[in-house]
Amino acid sequence: MKKIIVAIDGYSACGKSTTAKAVARQLAYSYVDSGAMYRATTLFFLQNQINIAEVKQVDNALKAIHIEFVFDEKEQVSHTHLNGLNVEQEIRKMYVSDKVSEVSALPQVRNAMRYNQQKLGSLRGIVMDGRDIGTVVFPDAELKIFMIASMEVRVQRRLLELQQKNEQATAAQIQENLLHRDHLDTHRSENPLRKASDAFELDTSHISFDEQVDFILKLAHQKIYATV
Ligand code: DC
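Criteria and cut-off values
- Residues numbered from 1 in each chain as written.
- Predicted model: local features only at pLDDT ≥ 70, side-chain atom pairs only at ≥ 80, totals over all residues.
- Heavy atoms only, no water.
- Helix = DSSP H or I, 4+ residues; strand = E, 2+ residues; numbered from the N terminus.
- Expected span 1.5 Å × (residues − 1).
- Buried < 20%, exposed > 50% of the residue type's maximum accessible area, 1.4 Å probe, protein only.
- Arc of directions from axis to C-beta.
- Contact = heavy atoms within 4.5 Å.
- Axes fitted to C-alpha atoms, helices over the stretch in contact; angles between N-to-C directions.
- Parallel < 35°, antiparallel > 145°, perpendicular 65-115°, else oblique.
- Left-handed = near helix turned anticlockwise from the far one by under 90°.
- Nonpolar A, V, L, I, M, F, W, Y, C, P; charged D, E, K, R; others polar.
- Near = heavy atom within 4 Å.
- Polar contact = N/O pair within 3.5 Å; in protein donor to acceptor, adjacent residues only side chain to side chain.
- Areas by Shrake-Rupley, 256 points an atom, 1.4 Å probe, with all protein chains shown as cover.
- 1 Å grid on protein atoms, 1.4 Å probe; cavity = no way out; pocket = protein on both sides within 12 Å on 5 of 7 lines; lining within 4 Å.
- Points joined across faces, edges and corners; volume = space filled by probe spheres on them.

1. Overview of helix H8 (residues 171-187)
And step 1. With 17 residues, H8 should reach 24 Å at 1.5 Å per residue; the first-to-last C-alpha distance of 24 Å fits that figure.
And step 2. When we look at burial in H8, the residues that qualify are Ile174, Asn177, Leu178, Arg181, Asp182 and Asp185. Burial along H8 is one-sided: seen end-on, the buried residues are contained in an arc of 135°. Set apart from the buried face of H8 by more than 90 degrees, the exposed residues are Ala172, Glu176 and His187.
And step 3. Its buried side turned inward, H8 meets helix H2 (34-47), helix H4 (94-104) and helix H7 (151-164).

What follows is the structure, given as C-alpha coordinates:
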(Lines give C-alpha, C1' and ligand atoms only; values in the text may rest on other atoms or scores of the structure.)
Protein backbone atom coordinates (compact mmCIF):
# COMPACT_ATOMS: atom_id res chain seq x y z
CA MET A 1 0.00 0.00 0.00
CA LYS A 2 1.37 3.41 -0.96
CA LYS A 3 2.25 5.70 1.93
CA ILE A 4 1.12 9.31 1.94
CA ILE A 5 1.98 12.52 3.76
CA VAL A 6 -0.74 14.04 5.94
CA ALA A 7 -0.05 17.76 6.51
CA ILE A 8 -2.06 19.39 9.30
CA ASP A 9 -1.83 23.16 9.69
CA GLY A 10 -3.73 25.69 11.74
CA TYR A 11 -3.68 28.19 14.59
CA SER A 12 -2.32 27.39 18.06
CA ALA A 13 -4.57 25.41 20.40
CA CYS A 14 -6.99 24.13 17.74
CA GLY A 15 -6.21 20.54 18.73
CA LYS A 16 -3.74 19.84 15.92
CA SER A 17 -1.22 17.76 17.81
CA THR A 18 -3.60 15.47 19.72
CA THR A 19 -5.57 14.88 16.52
CA ALA A 20 -2.45 14.34 14.44
CA LYS A 21 -1.06 11.85 16.99
CA ALA A 22 -4.27 9.81 16.92
CA VAL A 23 -4.37 9.85 13.11
CA ALA A 24 -0.74 8.71 12.93
CA ARG A 25 -1.42 5.89 15.40
CA GLN A 26 -4.41 4.67 13.39
CA LEU A 27 -2.47 4.74 10.13
CA ALA A 28 0.66 3.27 11.77
CA TYR A 29 2.57 6.33 10.51
CA SER A 30 5.13 8.40 12.37
CA TYR A 31 4.09 11.73 13.83
CA VAL A 32 6.18 14.89 13.78
CA ASP A 33 5.24 17.93 15.83
CA SER A 34 6.98 20.70 13.86
CA GLY A 35 5.99 23.27 16.51
CA ALA A 36 8.08 21.30 19.02
CA MET A 37 11.11 21.87 16.79
CA TYR A 38 10.52 25.65 16.85
CA ARG A 39 9.91 25.47 20.60
CA ALA A 40 13.13 23.51 21.25
CA THR A 41 15.06 26.02 19.13
CA THR A 42 13.50 28.87 21.13
CA LEU A 43 14.45 27.17 24.39
CA PHE A 44 18.06 26.88 23.20
CA PHE A 45 18.07 30.59 22.21
CA LEU A 46 16.73 31.57 25.64
CA GLN A 47 19.13 29.32 27.54
CA ASN A 48 22.07 30.68 25.60
CA GLN A 49 20.87 34.29 25.44
CA ILE A 50 21.06 34.40 21.67
CA ASN A 51 20.40 37.86 20.28
CA ILE A 52 17.97 37.22 17.43
CA ALA A 53 18.96 40.49 15.77
CA GLU A 54 22.50 39.13 15.27
CA VAL A 55 22.60 36.98 12.13
CA LYS A 56 25.94 35.34 12.99
CA GLN A 57 24.82 34.43 16.51
CA VAL A 58 21.67 32.84 15.14
CA ASP A 59 23.63 30.90 12.50
CA ASN A 60 26.08 29.57 15.09
CA ALA A 61 23.26 28.65 17.45
CA LEU A 62 21.46 26.72 14.71
CA LYS A 63 24.64 24.74 14.04
CA ALA A 64 24.77 23.76 17.73
CA ILE A 65 21.17 22.53 17.89
CA HIS A 66 20.26 18.89 17.43
CA ILE A 67 16.59 17.98 17.78
CA GLU A 68 15.27 14.42 17.88
CA PHE A 69 11.96 12.74 18.65
CA VAL A 70 12.60 9.77 20.93
CA PHE A 71 9.85 7.20 21.30
CA ASP A 72 9.07 6.29 24.93
CA GLU A 73 7.96 2.63 24.92
CA LYS A 74 6.39 2.88 28.38
CA GLU A 75 4.28 5.95 27.65
CA GLN A 76 3.86 5.06 23.96
CA VAL A 77 4.58 8.67 22.90
CA SER A 78 7.52 10.54 21.39
CA HIS A 79 9.41 13.10 23.42
CA THR A 80 11.32 16.04 22.02
CA HIS A 81 15.04 15.90 22.80
CA LEU A 82 17.31 18.93 22.48
CA ASN A 83 21.00 18.01 22.27
CA GLY A 84 20.31 14.70 23.99
CA LEU A 85 18.09 16.05 26.78
CA ASN A 86 14.35 15.45 27.10
CA VAL A 87 12.79 18.94 26.91
CA GLU A 88 9.20 17.85 26.22
CA GLN A 89 7.84 19.53 29.38
CA GLU A 90 10.03 22.61 29.31
CA ILE A 91 9.20 23.65 25.74
CA ARG A 92 5.46 23.82 26.58
CA LYS A 93 5.94 26.43 29.33
CA MET A 94 4.61 29.97 28.93
CA TYR A 95 8.03 31.63 28.85
CA VAL A 96 8.86 29.59 25.75
CA SER A 97 5.40 30.20 24.21
CA ASP A 98 5.92 33.94 24.70
CA LYS A 99 9.07 33.95 22.52
CA VAL A 100 8.48 31.18 19.99
CA SER A 101 6.71 33.21 17.30
CA GLU A 102 9.55 35.74 17.17
CA VAL A 103 12.18 33.02 16.84
CA SER A 104 10.13 31.13 14.26
CA ALA A 105 9.78 34.28 12.13
CA LEU A 106 13.54 34.29 11.41
CA PRO A 107 14.30 33.13 7.84
CA GLN A 108 17.44 31.23 8.97
CA VAL A 109 15.44 29.34 11.58
CA ARG A 110 12.69 28.46 9.08
CA ASN A 111 15.20 27.22 6.51
CA ALA A 112 16.93 24.98 9.05
CA MET A 113 13.62 23.56 10.33
CA ARG A 114 12.26 23.01 6.82
CA TYR A 115 15.38 21.09 5.82
CA ASN A 116 15.05 18.78 8.84
CA GLN A 117 11.30 18.35 8.40
CA GLN A 118 11.66 17.40 4.73
CA LYS A 119 14.31 14.84 5.71
CA LEU A 120 11.95 13.32 8.30
CA GLY A 121 9.22 12.98 5.63
CA SER A 122 11.41 11.72 2.80
CA LEU A 123 10.02 8.19 3.07
CA ARG A 124 6.43 9.45 3.41
CA GLY A 125 4.14 7.55 5.83
CA ILE A 126 4.13 10.57 8.12
CA VAL A 127 1.66 12.92 9.80
CA MET A 128 3.18 16.35 10.47
CA ASP A 129 1.46 19.32 12.05
CA GLY A 130 2.42 22.99 12.08
CA ARG A 131 1.83 26.27 10.26
CA ASP A 132 3.41 25.82 6.84
CA ILE A 133 3.45 22.06 6.33
CA GLY A 134 0.93 21.95 3.49
CA THR A 135 2.10 25.21 1.91
CA VAL A 136 5.91 25.12 2.17
CA VAL A 137 7.36 21.97 3.75
CA PHE A 138 5.30 19.44 1.79
CA PRO A 139 3.40 21.33 -0.93
CA ASP A 140 2.99 17.92 -2.61
CA ALA A 141 1.38 16.26 0.46
CA GLU A 142 -1.43 13.96 -0.64
CA LEU A 143 -3.69 15.17 2.19
CA LYS A 144 -3.76 18.67 3.67
CA ILE A 145 -5.95 19.69 6.59
CA PHE A 146 -6.40 23.22 7.93
CA MET A 147 -7.76 23.21 11.48
CA ILE A 148 -9.64 26.12 13.04
CA ALA A 149 -11.60 26.67 16.29
CA SER A 150 -13.26 29.60 18.07
CA MET A 151 -11.13 31.70 20.44
CA GLU A 152 -13.21 30.61 23.47
CA VAL A 153 -12.63 26.96 22.72
CA ARG A 154 -8.92 27.51 22.10
CA VAL A 155 -8.47 29.40 25.40
CA GLN A 156 -10.31 26.69 27.35
CA ARG A 157 -8.19 23.95 25.78
CA ARG A 158 -4.90 25.69 26.56
CA LEU A 159 -6.06 26.53 30.11
CA LEU A 160 -6.87 22.89 30.78
CA GLU A 161 -3.56 21.77 29.31
CA LEU A 162 -1.61 24.17 31.53
CA GLN A 163 -3.65 23.28 34.64
CA GLN A 164 -2.90 19.61 34.10
CA LYS A 165 0.78 20.53 34.17
CA ASN A 166 0.33 22.71 37.26
CA GLU A 167 1.30 25.83 35.31
CA GLN A 168 -0.28 29.09 36.39
CA ALA A 169 -1.99 31.25 33.75
CA THR A 170 -5.28 33.10 33.54
CA ALA A 171 -7.71 32.85 30.62
CA ALA A 172 -6.92 36.51 29.81
CA GLN A 173 -3.16 35.82 29.65
CA ILE A 174 -3.72 32.81 27.43
CA GLN A 175 -6.00 34.74 25.10
CA GLU A 176 -3.45 37.53 24.87
CA ASN A 177 -0.69 35.03 24.05
CA LEU A 178 -2.84 33.30 21.41
CA LEU A 179 -3.85 36.59 19.75
CA HIS A 180 -0.23 37.75 19.73
CA ARG A 181 0.95 34.46 18.21
CA ASP A 182 -1.89 34.42 15.65
CA HIS A 183 -0.85 37.88 14.55
CA LEU A 184 2.84 37.00 14.28
CA ASP A 185 2.13 33.63 12.62
CA THR A 186 -0.11 35.17 9.95
CA HIS A 187 1.81 38.39 9.37
CA ARG A 188 5.45 37.26 9.22
CA SER A 189 7.08 37.76 5.83
CA GLU A 190 8.56 34.23 5.74
CA ASN A 191 5.98 31.49 5.14
CA PRO A 192 3.09 32.97 7.10
CA LEU A 193 0.31 30.69 8.28
CA ARG A 194 -2.30 30.35 5.55
CA LYS A 195 -4.62 27.68 4.27
CA ALA A 196 -3.28 25.85 1.21
CA SER A 197 -5.70 26.12 -1.71
CA ASP A 198 -6.08 22.33 -1.76
CA ALA A 199 -6.49 21.91 2.04
CA PHE A 200 -9.67 20.65 3.69
CA GLU A 201 -10.88 22.96 6.48
CA LEU A 202 -11.77 21.31 9.77
CA ASP A 203 -13.54 23.45 12.40
CA THR A 204 -13.08 21.73 15.76
CA SER A 205 -15.16 24.17 17.85
CA HIS A 206 -18.21 22.00 18.21
CA ILE A 207 -17.26 18.46 17.26
CA SER A 208 -15.88 15.65 19.39
CA PHE A 209 -12.31 14.47 19.30
CA ASP A 210 -13.34 11.17 17.67
CA GLU A 211 -15.21 13.07 14.96
CA GLN A 212 -12.10 15.13 14.21
CA VAL A 213 -9.96 12.03 13.88
CA ASP A 214 -12.57 10.22 11.76
CA PHE A 215 -12.87 13.19 9.40
CA ILE A 216 -9.14 13.01 8.64
CA LEU A 217 -8.93 9.21 8.55
CA LYS A 218 -11.74 8.97 6.03
CA LEU A 219 -9.93 11.38 3.71
CA ALA A 220 -6.59 9.65 4.31
CA HIS A 221 -8.05 6.28 3.33
CA GLN A 222 -9.51 7.80 0.16
CA LYS A 223 -6.08 9.20 -0.75
CA ILE A 224 -4.23 6.02 0.14
CA TYR A 225 -6.47 3.85 -2.01
CA ALA A 226 -6.62 6.44 -4.79
CA THR A 227 -2.82 6.48 -5.06
CA VAL A 228 -2.20 2.70 -5.06
O1 DC B 1 2.10 24.32 17.37
P2 DC B 1 2.79 25.10 18.49
O3 DC B 1 1.91 26.09 19.19
O4 DC B 1 3.53 24.24 19.44
O5 DC B 1 3.90 25.95 17.69
C6 DC B 1 4.75 26.84 18.36
C7 DC B 1 5.12 28.00 17.47
O8 DC B 1 5.96 27.56 16.42
C9 DC B 1 3.97 28.76 16.83
O10 DC B 1 3.68 29.93 17.52
C11 DC B 1 4.47 29.09 15.46
C12 DC B 1 5.68 28.24 15.21
N13 DC B 1 5.54 27.26 14.15
C14 DC B 1 5.81 27.67 12.87
O15 DC B 1 6.10 28.85 12.65
N16 DC B 1 5.78 26.79 11.85
C17 DC B 1 5.44 25.51 12.08
N18 DC B 1 5.43 24.64 11.05
C19 DC B 1 5.13 25.08 13.39
C20 DC B 1 5.16 25.99 14.40
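2. Here's the deal with the packing of H2 against helix H3 (residues 55-63)
And step 1. Running from N to C, H2 and H3 cross one another at 120°; their axes reach a closest spacing of 11 Å. Taken as axis vectors, H2 and H3 run oblique relative to one another. When the axes of H2 and H3 are compared, the crossing they make is right-handed. The residues of H3 that touch H2, namely those facing Thr41, Phe44 and Phe45, are Val58, Ala61 and Leu62.
And step 2. Taken together, the residues that form the contact of H2 with H3 break down as five nonpolar, one polar and no charged.

3. Side note on the site of the ligand
And step 1. Around the ligand, 16 residues are found, and the nearest of them are Arg39, Arg110, Asp132, Arg181 and Arg188.
And step 2. Take Ser34: an N or O atom from its side chain is 3.0 Å from a nitrogen atom of the ligand.
And step 3. With respect to the ligand, the backbone of Arg131 contributes an N or O atom lying 3.0 Å from a nitrogen atom.
And step 4. When the free accessible area of the ligand is taken as 450 Å², the share hidden by the protein chains comes to 96%.
And step 5. Of all elements in the fold, only H2, H4 and H8 reach the threshold of two or more residues within the shell around the ligand.
And step 6. Here the shell around the ligand gets four residues from one element, more than from any other, and that element is H2.

4. Considerations on empty space enclosed by the protein
And step 1. Here the structure, examined in full by the defined rule, presents two cavities of 30 Å³ or more.
And step 2. What the largest cavity holds in volume is close to 40 Å³.
And step 3. Taken together, Arg92, Met94, Ser97, Arg158, Leu162, Ile174, Asn177 and Arg181 make up the full set of residues lining the largest cavity.
And step 4. Breaking the lining of the largest cavity down by element, the ones donating at least two residues are H4, H7 and H8.
And step 5. Taken together, the residues that form the lining of the largest cavity break down as three nonpolar, two polar and three charged.
And step 6. Taken together, Ala7, Asp9, Gly134, Thr135, Lys144, Ile145, Phe146, Arg194, Lys195, Ala196 and Ala199 make up the lining of the second largest cavity.
And step 7. Secondary structure elements with two or more residues in the lining of the second largest cavity: strand S1 (5-10), helix H6 (133-137) and strand S7 (143-148).
And step 8. For the lining of the second largest cavity, the leading source of residues is S7, giving three residues.
And step 9. Broken down by class, the residue content of the lining of the second largest cavity amounts to five nonpolar, two polar and four charged.

5. Let's talk about the environment of Leu162
And step 1. Relative to the helices and strands, Leu162 is located in helix H7.
And step 2. In this structure, the C-alpha to C-alpha distance between Leu162 and Ile174, residues twelve residues apart in sequence, is 9.8 Å.

6. Describing the layout of surface pockets
And step 1. By volume, the second largest pocket is sized at about 260 Å³.
And step 2. Of all the secondary-structure elements, those providing two or more residues to the lining of the second largest pocket are strand S3 (67-72) and helix H5 (107-120).
And step 3. When its residues are assigned to classes, the lining of the second largest pocket shows eight nonpolar, two polar and two charged.

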